[in-house]
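Descriptive structure summary
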Amino acid sequence: MNIHMNANTLKYISLLTLTLQNAILGLSMRYARTRPGDIFLSSTAVLMAEFAKLITCLFLVFNEEGKDAQKFVRSLHKTIIANPMDTLKVCVPSLVYIVQNNLLYVSASHLDAATYQVTYQLKILTTAMFAVVILRRKLLNTQWGALLLLVMGIVLVQLAQTVGPSSGPAAGASATAASSGGAPEQNRMLGLWAALGACFLSGFAGIYFEKILKGAEISVWMRNVQLSLLSIPFGLLTCFVNDGSRIFDQGFFHGYDVFVWYLVLLQAGGGLIVAVVVKYADNILKGFATSLAIIISCVASIYIFDFNLTLQFSFGAGLVIASIFLYGYDPARSTPKSNMQGPGGDEEKLLPRV
């Protein structure tokens, strides 16, 4: 009885955590990039998030090693230095994640939180595409139908925002106000392309990770130490290539305040929290979490950003939500954990973590 209750409690905690992580991050990024005042450099925020993630994961690895400094150092040496080929394999996703996170900031700067949240679900399509091409997987007929619904829903959402009231004079005035307050001028097409690029990179990184690093006996925290250690040089390069002149003129932490530091920690810690709780969440729970996040983003955007929720947007978002549930549904699966090990577990890994 207690085990059953604990399992249910963990599922509900997973649902709450996944929902809040999906909704709050998008809303916070949008607010941070459009509020009045000096705007921070997104490339520096991405880099600081990697530093925060590295420090957190180092502490967790230290805890895993029984808080023994010698065992901790030996474990780092064995995994990172004594195994250079495995470490080098992580270079690709390290670079990809840095570029992806920078693109997400660009997207959040130019798309309202609700549209951003819906459009980013296209990562399901790109993950499936790479799984078919690289891993030679076969999708169920229901999954192909779900991908079609997903594309239709996102097209409707984008068209609703392009030709709807939000693209009229009010939106132009809002963009002008944002620009005068230091935020970037709103460019919906740029935001869309940035979101599509982030989805493409998210799908590739997930499948690459599965193909190249599958079966490695490394804890999730040690793997994140590897990722962050290799991401930091790429992040520094991105900072000085994209924003070098502004960093030298205004300083690395220009525009930083308490809210920006909160956003950095949210971005760094959110993914780690999801990595822990996602193992307790089945596909249905992931679908609920993503769907609730979309609804929360829409409702919050109405009150925080004066978002105009149209019937076409609502219908498109509904198609996206339906596609998420349909994609995660496998009628042939008899028990939730029957396919966790062995070749049959591929379908579970195909759905991107949300």
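Everything numeric in this text was worked out from a predicted model, so none of it was measured. (Residues numbered from 1 in each chain as written. Predicted model: local features only at pLDDT ≥ 70, side-chain atom pairs only at ≥ 80, totals over all residues. Heavy atoms only, no water.)

**Quick look at unusual backbone geometry**
- Backbone geometry places Lys67, a non-glycine residue, at a positive phi of 60°.
- Of note, Lys67 is situated in the loop between helix H2 (42-64) and helix H3 (69-81).
- Of note in this structure, Arg136 is not a glycine but carries a positive phi near 60°.
- Examined against the element boundaries, Arg136 turns out to sit in the loop between helix H7 (123-134) and helix H8 (141-163). (Helix = DSSP H or I, 4+ residues; strand = E, 2+ residues; numbered from the N terminus.)

**Considerations on the pattern of salt bridges**
- The final tally for this structure, using the stated rule, is 4 salt bridges.
- Here Asp112 makes a salt bridge to Arg188, at a shortest N to O gap of 3.6 Å. Highlighted residues: Asp112 in the loop between helix H5 (91-110) and helix H6 (113-119) and Arg188 in helix H10 (residues 188-213), separated in sequence by 76 residues.
- When its relative accessible area of 25% is taken as the criterion, Arg188 is described as partly exposed. (Salt bridge = Lys/Arg side-chain N within 4 Å of Asp/Glu carboxyl O. Buried < 20%, exposed > 50% of the residue type's maximum accessible area, 1.4 Å probe, protein only.)

**Overview of the nonpolar core**
- In this structure, Met29, Phe40, Val118, Val225, Ile294 and Phe313 are the most contacted members of the largest nonpolar core, which totals 62 residues.
- Top element by residues in this core is H2. It accounts for 9 residues.
- Discounting residues that sit within four places of it in the chain, Met29 has contacts with Leu104, Tyr105, Ala108, Tyr116 and Leu263. (Core = buried A, V, L, I, M, F, W, Y, C linked by side-chain atoms within 4.5 Å. Contact = heavy atoms within 4.5 Å.)

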